[in-house]
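What follows is each chain in one-letter form.
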2 protein chains.
Amino acid sequence: MPLIFWLVPLSSLLALGFAYYFFKQMMGEDEGTDMMKTIAAHVRKGAGAYLRQQYKVVAIVFAIITIIFAIMAYVLGIQNPWVPFAFLTGGAFSGLAGFFGMKAATFASARVANACRTSLDGGLRLAFRSGAVMGLVVVGLVLLDISAWFIVLNIFVTEPDMGMKLLTITATMLTFGMGASTQALFARVGGGIYTKAADVGADLVGKVEAGIPEDDPRNPATIADNVGDNVGDVAGMGADLFESFAGSILATALLGAAAFVGTDLQMNAVIAPMLIAGVGTMLSIMGVFLVRTREGATQKELLKSLGIGVNTSAGLIVVFSLVILYALGLPNYWGIWGSIVVGLLAGIAIGQSTEYFTASAYKPTRKIAESASTGPATLIITGIGTGLISAAVPLGIIVVGITLAFGFSSGFAYDSASLNMGLYGIGIAAVGLLSTLGITLATDAYGPIADNAGGNAEMCQLGEEVRNRTDALDALGNTTAATGKGFAIGSAALTALALLAAYFEEVKIMIVKFLDMPDMLINGIPAADAQFIDFIHHYDIHLMNPTVIVGILVGVLAVFLFSGMTMNAVGRAAQKMVDEVRRQFKEMPGIMEGKTEPDYARCVEISTKGAQKEMMVPSLIALLIPVVVALIFGVAGVTGLLVGTISSGFAMAIFMANAGGAWDNAKKYIEEGHYGGKGSENHKAAVVGDTVGDPFKDTSGPSLNILIKLMVMASVVTVGVAVSYSLF
Amino acid sequence: MPLIFWLVPLSSLLALGFAYYFFKQMMGEDEGTDMMKTIAAHVRKGAGAYLRQQYKVVAIVFAIITIIFAIMAYVLGIQNPWVPFAFLTGGAFSGLAGFFGMKAATFASARVANACRTSLDGGLRLAFRSGAVMGLVVVGLVLLDISAWFIVLNIFVTEPDMGMKLLTITATMLTFGMGASTQALFARVGGGIYTKAADVGADLVGKVEAGIPEDDPRNPATIADNVGDNVGDVAGMGADLFESFAGSILATALLGAAAFVGTDLQMNAVIAPMLIAGVGTMLSIMGVFLVRTREGATQKELLKSLGIGVNTSAGLIVVFSLVILYALGLPNYWGIWGSIVVGLLAGIAIGQSTEYFTASAYKPTRKIAESASTGPATLIITGIGTGLISAAVPLGIIVVGITLAFGFSSGFAYDSASLNMGLYGIGIAAVGLLSTLGITLATDAYGPIADNAGGNAEMCQLGEEVRNRTDALDALGNTTAATGKGFAIGSAALTALALLAAYFEEVKIMIVKFLDMPDMLINGIPAADAQFIDFIHHYDIHLMNPTVIVGILVGVLAVFLFSGMTMNAVGRAAQKMVDEVRRQFKEMPGIMEGKTEPDYARCVEISTKGAQKEMMVPSLIALLIPVVVALIFGVAGVTGLLVGTISSGFAMAIFMANAGGAWDNAKKYIEEGHYGGKGSENHKAAVVGDTVGDPFKDTSGPSLNILIKLMVMASVVTVGVAVSYSLF
C-alpha cells in the first residue's frame, strides 16, 4: 500500500479524537437550573429508550439477514464469503455513529440553553460543536471501517493477478454499505414516523384543541416531540449520510479499480476517493474552529458565521483534491478534478435551489402564504404545484452535473475505456460533494440541538432575552435543516448513480471470482476476458428489452408505494398519540392547571411503539423488492428497477421535502405578521399546510433518500441470485 | 390490398352513420320549458365560444408546426415529406371529433332533463346515446383517417421492395398521430384548466361565501361550471382517446410491418390491428342498442344496464379477434390472441382498481372520510398516502400485462425475431384494450351529459321526482367517470409503450428511406440490412450510457414540471374567477335577491381566457423538451426521455386521478350522512380535500395522459433531428 494511504486512517483517528474533545468540552459546561436538568433528562431518557428499542428490532433483522447471507455464501455458493462480516460491521458502525451523535445532542440541549443565558456567541459555538460531534463521529467511523477493511483484505485476499485482487477487494468492501443502508433505513423510517407522530399529536390536541403552546410543559406530548427531533433529525440524518459517505467512496473505489485494471495506477485510482474524503475530513475539523459570532448578531450574520466554516473547508478541498490527484499521478487529472468540482458545485446549486423554494424571503413561499387568503385548499394546491415544479430544478442540476462529471473524466469520448473513466468521474463527483461532510453534517445536527435548547428554555420559562437568543439559533437551524435536506438528497442521487455503475462491476466479479465461472461466455467472450461493454450487451440492459422496462416500472411502483405507506404510517401513529393526549387531558384535569405533571413517558412509549410497528412493512418491502425482481427478471430487470427507483425517487423526495419546507415557512411568514398574522383565518389555513407538510418533509421525503441507495445496495449483495436463479 | 381490409372503412362509415342517427334522434326530442331552453342555450353558447377560441389558438400552433415540418422535409431533408399533411389531417379529424361530440353533449342536456320528467329509462337511453355520438364519431373518424391514408399511400408510395413499402407506409401513417396528440394536448390542458377554474370559483365564492348551491342560477360562475364539464370531460376526454385509439393501431401496424418484413404475411400483420379495431367498432354499435333500464331502477341496476352493453361488446371482440387472426393466417395466432386478451384484462383490472380506491363502498375512501374527524390536514395526508399507494396497483397490472403480452406473442423467447414479435404483442394488447372504445367512450361522455342535465333540472327547479332521476343518472356518471379515467390512463400507458417500440423502427426508416443513407454502418452492418437489434446496439440505448440516464432524468423532470405547472395554472385561473364572482355579488346586489341575472358571459370569458393563457407554457414545454433532448443527447437520450416520462408520468397520473376521485367521493359519503353529515366540521374538512382533488383529477392527472403519448409522438416526428444533428 502506498504510504500516502495512511492519511486515511489518520484522518479517521483525528475526526474521532476531535469528536471526543468537543464532547468532553460540552459535558464540562453547566446544565443550568434543576428544572432545565429535569426536562433534559426526560428527553435524554426518551431518546435513549427509543434507540434501545430500535436497535433491538434492528438487531433481529440483522441476525436474519446475516444468516441468509451466510447460507448464500457457504451453502449455495452464490455470495461473496466476506459479505456477512462486511454487512455486520457496516451496520454496527452506523449504529454506533447514531448512538454517539444522539447522546451528544441530548446532553447538549440544556447546556446550550444555559449558555444562551450568558451570550449568543457561547450558545452558537456550543450548539455547533455539539453538532460537530455527530458530524465527526460519522465521517470518522466510516473512514475507520474503510481503512480497516482495506488493510485486512489487502492481507487476506490471495489473488495472483493484482488487477483482479483490487477488483475483488473493492467489490467486497462495497457490500459493507449494505449494513449501513439497512441501519439507515430503519433509522430514517422509524425516526421519521416517530418524530411526526409526536409532532402532529402535540400540535393537534395541545395547540389546536387545548390552546397551549407546543413546548408547554402541560402538553403531555411535548417531551415526545423533543425526543422526536433528536431521533429523526439527528440519528436519522446521521445514518443517512453515513451511508452516502461510505457508499460514494466505496463505489468510486470499485469503479476506479475497474477503470484502471491492468495498469500501474489501479491502486492509486482506488485510494483517490478515500484520500479526498480523508483530507476533506481534516479540513472539516479546521472549519469547525472557524465558527464563532458576536453578541446580538443578526440572522444573516449567524448564517455567515456558519458559512465561513463550511465554505473555507469546501474551498480548500477543491485545491487539495487537485494536489492529491496530481500526486497520485492519475492520467487526465485535470479532467477528474473537473468532475470533483462539478460535484461540489452541484451540491451548492441544489442547496441554493432548496433555499429559493422554501425560504420565505423568496417568491414561491410568499405565493403560498398569499394563497391562504382563499383557504386551506388553495394553499395546499399552490404548495403541491410549487413543490412539483421545484423538483425539476435539482433534476436539471443533476442532469448537467452527471453530463459534465462523466464528460470531464472521460474526455467527452465514448468507447469502452472512456465509459469506465466517465463512470469513475460520476463516482468521484459524489465523493467531492461529500468530502467535507464532517462540517456540513455539523450544521445539520446543530438544528435539532438549537431547537431542543429553545424547547428547554420555553418549558423552563427562562427570561425573554434568553428566549430571543435561542429563537435566533433555532431560526438559523431551520435554514440549515432545509439546505441540509437538499444536500442529503443531492448526495444520495449522485451516490446512487455511482452505486448503479458499480453494480455491473459486481456482476462481473461475482461471475469470475465467486461463482468461479471465468469461462462463462459473455457476449461470446470468456467472462474473465470480457469488457464492461460485453456485460452490457450480454445482459441486454437496453430500453427495448421488456424486462428492463418492467424493471423500471417496478422501480417507480416501489417509490410510490413506499411514499404512500410512510405517509399513512404517520397518519395512523399520530392518531394513537392524539387519542392518548386527549385521554390524559380528560382523566387528569390537574394537568391544565399546572398541578399534575402529565405522563410524558406514556407518550414517548406510544411514539416508540407506533414507529417500530409502522416501520416494518415499508422497510421489508424496500428490502424484498430487489430480491423478487432479481429472481423473476434477472440482471436486466434489476438494472431497470434501480434506474426507475433512483430517477423517480429522487424527484419525489425533493418534491416532498420542498413542499413541506415551504408550507412550514409560509406559516412562519404569516406568524411574523403578514397576511393577517397569528390567529387569523389565513394562519389557520397555513397551519393545515404545515401539518400536511410534516410527514412530507420529515418522514416520506427523507426515507426516499435511503430507499434509492438501499435498493442498489440490496441488488449489489444479491447479485448472485440475479445471475444464477432468475426466471427470465 | 386484401378484400377483408375493406371492413375497416366500412366500420368507419357505419360508426359515423350511427352517430348521425343517434344525433338526429336526440335532436328530435323536446327540450322542455323555456327556462330549460335558455339555460341550455347559455351553456351551448359558452362551450361553442370556448371551442372557437381554443381552435383559433390551436390553428396558429398547427400552422407554425406545419411550416417547421415542411422546412424539415423540403429544405433540410430530415423529415418524411408526408408528415406535414399527415400532421394536419390528424389534428383536423381530432378537432372535428371534439366539435361534434361537444355539440351533441350540449344539445342533449336539457333534452335529457326533459326526458327524466317522464321516465328514468328514457333519460338514461337518451343520455347514453348522446354520449355514443361522441364515442362513435371518435372511432369513426380515426378509422376513416387511417383507411384513407392507407389507401392513398398504397397507391402513391412507389417502392420496388414490398417489405420496405409497407414499412414506409406504416411509418408515415404513424406521424398522423402527432396531429392528434397536439390537438389533444391543448384540449386536455386547456379544457382541464377551464373546468377547474370555473368549478373552484363557483364553489369557493358561491357555495362557501354566499351560501348558495353550486347550480343555483344566482351563481354567476354556474354556467361556466357547466360549460367546463363539456369542455374538459367531453372534448378533452374525446381528444385524449382519439389519440390513444389512433396511436395504438398505427404503432401496432408499424411493429407488424417490422416483425413480418420479408414474409408473405406482412400485409396481414399490418391490417390486423385495423381489423380488430373495425370489428370492435361494429360490436360497440351493437352494444349501444343493448343499454336500457326499467323505471325506478337502483344505482346497481343502472350500472348493470351500462355493463351489459360494454361487456357484451368486449366479450364478443375476444371471440372475433381470434377469428380475425386465424383468417389472416398469422403464425402463433393463439399467442397473439393471448396478448389481446391480456390487454383487455389489464384494462378491466385497472378499472376495478380505480373503483376500489375511489368508490365510497370500499375501505380506502371510507378511511379518508374517517380521517376528516381530526381536520382537513389529516384528511389530505390520508388522501395523498392512499393515492400514492393506489398508483402501485395499475403499475403492477401493467408490469404483468406487458410481461405476458410480450411473452405470449414472442413465445417467451428472446432473440432478434422474437423481440419484434413480442413488441408487436404489446402493441396489439393496446389495440385489444381499446377495440371497443366506441361504447366505453359513450359511457364516459354520458357522465357530463347527465351532470349537465342535473344542473339544468336544478337551475330550472323541476320537481323532486325529476331531480331524483337526474341525480341517479348523475351518480352513475361519477362512477363511469372514475373507471373511464382508469381506462384512459391504462390505455395511454400501453399505447405509449407500443409507440416507444415503434420509435426505433422510425429511426431505421428515417435513415434508410428518407435520409437516404442505406449504406450507413449500423453496428458494423449497412443500415438497409441491419436488424432491429443492430440499431439498439449502435445507439447504445443501455442503462450504463449516461446519455440514457440523463434522458430518463429529464423525462421525470418533465412530468414533475408539467404537473406542477398545470396545478398552479388552475390556482391562478381560479383566483381570477373568484375575484369576478365577488365583484358581481358586490356590484349587483340584485343577483342574490334573484332580481338581476348575473353576468354569466363574463365568467365564461374569464375561464376561456384564463385557460388559453395558462395552457400555453406547459404545452410548449411538452412540445419542446423532446426536440431539445434530441438536439443535445440524440437517439439514446430521447429513448431515455420517453421511458422516464412514460414510467413516472403513468404513476403520477394515477396518483392524481385516484386521490382526487377518492376525496370527491369521501365528501359525498359524508354528505350522505356519515361522520356528521352535511354542514359538520368533518364535511368542511372533506370539502377542502375535494377542492384540492379537483385539479388533481381533472387537470394535471388527465393532462399527463397526453404528455406521455405526445412526447413519444413528438420524438417520432423529429427523429431526423436526433439522427442528424445531435451534439453527443
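Above this text you will find the structure in question.
Owing to the predicted nature of the structure, the values given are computational and were not obtained by experimental measurement.

**Thoughts on the overall build of chain A**
Thinking step 1. A tally of helices and strands in chain A yields 21 helices and two strands.
Thinking step 2. Taking 728 residues into account, the globule formula puts the C-alpha radius of gyration at 27 Å, and chain A, at 25 Å, falls close to it.
Thinking step 3. Considered along the principal axes of its C-alpha atoms, chain A spans approximately 80 × 50 × 45 Å.
Thinking step 4. Per-residue burial over chain A gives 69% buried out of 728 residues.
Thinking step 5. Across chain A, the fraction of contacts at a sequence separation of at least 24, relative to all contacts at a separation of at least 6, is 83%.

**Some points on the packing of helix α5 (residues 162–174) of chain A against helix α8 (residues 266–289) of chain A**
Residue and element names in this part refer to chain A.
Thinking step 1. Interhelical geometry of α5 versus α8 gives an angle of 20° and a closest axis separation of 10 Å. On the basis of the axis angle, α5 is roughly parallel to α8. Crossing hand, α5 versus α8: left-handed. Where α5 approaches α8, its residues G163, L166 and T170 are matched on the opposing element by Q266, M267 and V270.
Thinking step 2. Looking at the contact of α5 with α8 residue by residue, the classes come out as three nonpolar, three polar and no charged.

**With respect to the relation of the copies chain B and chain A**
Copies of the same chain, two in number, are related to each other by a rotation about an axis and a translation along it.
Thinking step 1. For these two chains of identical sequence, chain B goes onto chain A by a turn of 180° and a shift of 0.0 Å along the axis, with RMSD 0.0 Å. What the rotation and shift describe, once combined, is the action of a two-fold rotation axis. Closest to the rotation axis within chain B is the C-alpha of H542(B), separated from it by 1.9 Å.
Thinking step 2. Taken together, the interface assignments show that 100% of the residues at the interface of chain B recur at the interface of chain A, consistent with an identical surface on both copies.

**Some remarks on the interface of chain B and chain A**
Thinking step 1. Contacts between chain B and chain A engage 65 residues on the former and 66 residues on the latter.
Thinking step 2. Contributions of two or more residues to the side of chain B that touches chain A are made by α12 (376–410), α13 (416–434), α15 (464–514), α16 (532–538), α17 (546–587), α18 (600–671) and α19 (681–717) of chain B.
Thinking step 3. When residues in the side of chain B that touches chain A are grouped by element, the largest group, 20 residues, is from α12(B).
Thinking step 4. Of the residues assigned to the side of chain B that touches chain A, the class counts are 44 nonpolar, 21 polar and no charged.

**What to know about unusual backbone geometry**
Residues and elements named next belong to chain A.
Thinking step 1. A positive phi angle, close to 50°, is found at N332, a residue other than glycine.
Thinking step 2. By the element assignment, N332 lies in the loop between α9 (299–328) and α10 (333–358).
Thinking step 3. Judged by the 16 C-beta atoms lying within 10 Å of it, N332 falls in the partly exposed class.
Thinking step 4. A positive phi angle, near 50°, is found at D540, a position not held by glycine.
Thinking step 5. Examined against the element boundaries, D540 turns out to sit in the loop between α16 (532–538) and α17 (546–587).
Thinking step 6. The exposure class assigned to D540 is buried, which follows from the 21 C-beta atoms found within 10 Å.

**Considering the packing of helix α19 (residues 600–671) of chain A against helix α20 (residues 681–717) of chain A**
Residues and elements named next belong to chain A.
Thinking step 1. Contact pair α19 / α20: the axes reach a minimum separation of 5 Å and the direction vectors enclose 155°. Here α19 lies roughly antiparallel to α20, going by the angle between them. Between α19 and α20 lies a crossing of left-handed hand.

**Some words on the nonpolar core**
Thinking step 1. A127(A), V138(A), I426(A), L497(A), A127(B), V138(B) and L497(B) are the most contacted members of the largest nonpolar core, which has 586 residues in total.
Thinking step 2. Setting aside residues no more than four positions away along its own chain, L497(B) makes contact with I549(A), I402(B), I426(B) and I646(B).

**Some details on the environment of L241(A)**
Residue and element names in this part refer to chain A.
Thinking step 1. Within the fold, L241 resides in helix α7 (residues 222–259).
Thinking step 2. With 30 C-beta atoms counted inside 10 Å, the residue L241 sits in the buried group.
Thinking step 3. In this structure, the C-alpha to C-alpha distance between L241 and V139, residues 102 residues apart in sequence, is 9.0 Å.

**Looking at the environment of V137(B)**
Residues and elements named next belong to chain B.
Thinking step 1. Along the chain, V137 turns up in helix α4 (residues 120–156).
Thinking step 2. When the C-alpha atoms of V137 and V288 are compared, they prove to be 14 Å apart, with 151 residues separating the residues in sequence.
Thinking step 3. Here V137 is in contact with L16, A19, A97, F100 and G101, once residues within four sequence places are set aside.

**Some details on the environment of W337(B)**
Residue and element names in this part refer to chain B.
Thinking step 1. Looking at the secondary structure, you find W337 in helix α10 (residues 333–358).
Thinking step 2. Between the C-alpha atoms of W337 and S724, which are 387 residues apart in sequence, the distance is 39 Å.
Thinking step 3. Other than its neighbours up to four places away in sequence, W337 contacts S321, L322 and L325.

The rules behind the values
- Each residue is numbered by its place in its chain's sequence as written, counting from 1.
- Naming scheme: in the order in which they are written, chains are lettered from A and ligands are numbered from 1.
- pLDDT decides what is reported in this predicted model: residues at 70 or higher carry local features, side-chain atom pairs at 80 or more are listed and counted, and totals for whole chains, interfaces and linings draw on all residues regardless.
- Put simply, DSSP H or I for four residues or longer makes a helix, DSSP E for two residues or longer makes a strand, and each gets a number counted from the N terminus.
- Put simply, the radius of gyration uses C-alpha atoms, and a globule should come to 2.2 Å times the residue count raised to 0.38.
- With C-beta atoms placed from the backbone, a residue is buried if 20 or more other C-beta atoms are within 10 Å of its own, exposed if 12 or fewer are, and partly exposed between those counts.
- We call two residues in contact if the C-beta atoms placed from their backbones are at most 7 Å apart.
- For every element, the axis is a line fit to its C-alpha atoms; helices are fit only across the contacting stretch, and the angle between N-to-C directions ranges from 0 to 180 degrees.
- With respect to orientation, any angle under 35 degrees is reported as roughly parallel, any angle over 145 as roughly antiparallel, any angle of 65 to 115 as roughly perpendicular, and every other angle as oblique.
- Helix crossings get a hand from a simple test, with the near helix turned counterclockwise from the far one by less than a right angle marking a left-handed crossing and a clockwise turn marking a right-handed one.
- Residues were grouped as follows: Ala, Val, Leu, Ile, Met, Phe, Trp, Tyr, Cys and Pro as nonpolar; Asp, Glu, Lys and Arg as charged; and all remaining residues, including Gly, as polar.
- Least-squares superposition aligns the copies on the C-alpha atoms of those residues with pLDDT at or above 70 in both.
- Structurally, a nonpolar core is described as a collection of buried Ala, Val, Leu, Ile, Met, Phe, Trp, Tyr and Cys residues joined by way of C-beta atoms within 7 Å.

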